2 protein chains.
Amino acid sequence: MYVILVYDVAQMRVGKMLKLCRKYLCWIQNSVFEGELSEAKLRELKSQIGSIIDADTDSVIIFTNKMSYNMDKEILGKERMSTDNFL
Amino acid sequence: MYVILVYDVAQMRVGKMLKLCRKYLCWIQNSVFEGELSEAKLRELKSQIGSIIDADTDSVIIFTNKMSYNMDKEILGKERMSTDNFL
């Protein structure tokens, strides 16, 4: 399924989150990632996020859409990174 | 349609962008907003974004989905703000 993930975590955990999210998704802007993941891979990712974040202070939002062809994306201004290399 | 907007703009323009996006969408995390907008309202928002950002350095990504019931959202950790008050 198509996944958009945005995180807001304490500075000390940013490096770990960045590394983890890059393993599964494509970085598109700041703390925003997107990509196609199977349900199993998404569960795996969520489990690993759970072991990194402090649930009392950090926040991770995961949007999912089973039908990615329904989603449109438009970039105004500068594109931070090519997002064509979907997983 | 259902809209997710994320922005990454220079510090001096953050205040303006925040104010603008809040007029149209619900703030959910850092520089991430979501909500339901008509095509006309979305055009209006994009036009105003265009007049604020510096297209050479700033970046705004707008995801849209005509069928919002296809989207799921999950929050891991702390919810920054109630997102139930959809427009």
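Residues numbered from 1 in each chain as written. Chains lettered and ligands numbered in written order. Predicted model: local features only at pLDDT ≥ 70, side-chain atom pairs only at ≥ 80, totals over all residues. Heavy atoms only, no water.

For the rest of this paragraph, the subject is the packing of aromatic side chains. Aromatic ring pairs are described here by two measures, namely the spacing of the ring centres and the angle between the planes. All names here are of chain A. Tallied over the entire structure, the rule returns 2 aromatic pairs over all chains. Ring centres of Tyr-7 and Phe-33 lie 5.8 Å apart, and the angle between their planes is 25°; on these two criteria the pair is classed as stacked. You can see Tyr-7 sitting in strand β1 (residues 2–8) and its partner Phe-33 sitting in strand β3 (residues 32–36), a full 26 residues away along the chain. There is no split in this pair, since Tyr-7 and Phe-33 are both buried. (Phe/Tyr/Trp six-rings, centres within 6.5 Å; stacked < 30°, edge-to-face > 60°. Helix = DSSP H or I, 4+ residues; strand = E, 2+ residues; numbered from the N terminus. Buried < 20%, exposed > 50% of the residue type's maximum accessible area, 1.4 Å probe, protein only.)

Below, the discussion takes up the packing of helix α1 (residues 11–24) of chain B against helix α2 (residues 39–52) of chain B. Residue and element names in this part refer to chain B. Between α1 and α2, whose axes approach to 11 Å, the crossing angle comes to 175°. As judged from the angle between their axes, α1 and α2 are roughly antiparallel. Between α1, through Arg-13, Lys-16, Met-17, Leu-20, Lys-23 and Tyr-24, and α2, the contact on the second element is made entirely by Lys-41, Glu-44, Leu-45, Gln-48, Ile-49 and Ile-52. For the contact of α1 with α2, a count of residues per class yields 6 nonpolar, 1 polar and 5 charged. (Axes fitted to C-alpha atoms, helices over the stretch in contact; angles between N-to-C directions. Parallel < 35°, antiparallel > 145°, perpendicular 65-115°, else oblique. Contact = heavy atoms within 4.5 Å. Nonpolar A, V, L, I, M, F, W, Y, C, P; charged D, E, K, R; others polar.)

Next up on the list: the UniProt feature "binding site: Mg(2+)" (unreviewed entry) in chain A. Listed under "binding site: Mg(2+)" (unreviewed entry) in the UniProt record, and renumbered for this structure, are A:Asp8. Inspection of the secondary structure puts A:Asp8 in strand β1. If we skip the residues at most four places from it in the chain, A:Asp8 touches A:Asp58, A:Ser59, B:Gln29, B:Asn30 and B:Arg80. (UniProt positions renumbered as here; feature names shortened; annotations may be inferred.)

This part covers the sheet that holds strand β4 (residues 59–65) of chain B. The strand order across the open sheet built from 5 strands is β5(A)-β4(B)-β1(B)-β3(B)-β2(B), with neighbouring strands paired in antiparallel fashion. Either end of the sheet is taken by a strand with one partner, and the two such strands are β5 (71–77) of chain A together with β2 (26–29) of chain B. Neighbour-to-neighbour, the strand axes of the sheet open up by a mean angle of 25°, direction not taken into account. Alignment of strand β1 (residues 2–8) of chain B against β4(B), held across 7 bridges, turns out to be antiparallel. The residue bridging B:Leu5 from the neighbouring strand is B:Ile62, located in β4(B). Contacts from α1(B) reach β1, β2, β3 (32–36) and β4 of chain B within the one sheet, and its direction differs from that of β1(B) by about 175°. Along the sheet, α2(B) contacts β5 of chain A together with β1 and β4 of chain B; its crossing angle with β4(B), the most-contacted strand, is approximately 175°. (Pairing = 2+ DSSP bridges.)

Time to look at the relation of the copies chain A and chain B. Rotating chain A by 180° and translating it 0.0 Å along the rotation axis places it on chain B, where the RMSD comes to 0.0 Å. Taken together, the rotation and translation relating the two chain copies correspond to the operation of a two-fold axis. Every residue of chain A has its C-alpha some distance from the rotation axis, and the shortest such distance is that of A:Asn70, at 4.2 Å. A shared interface surface links the copies, since 100% of the contact residues of chain A are contact residues in chain B too. (Least-squares fit on C-alpha atoms with pLDDT ≥ 70 in both.)

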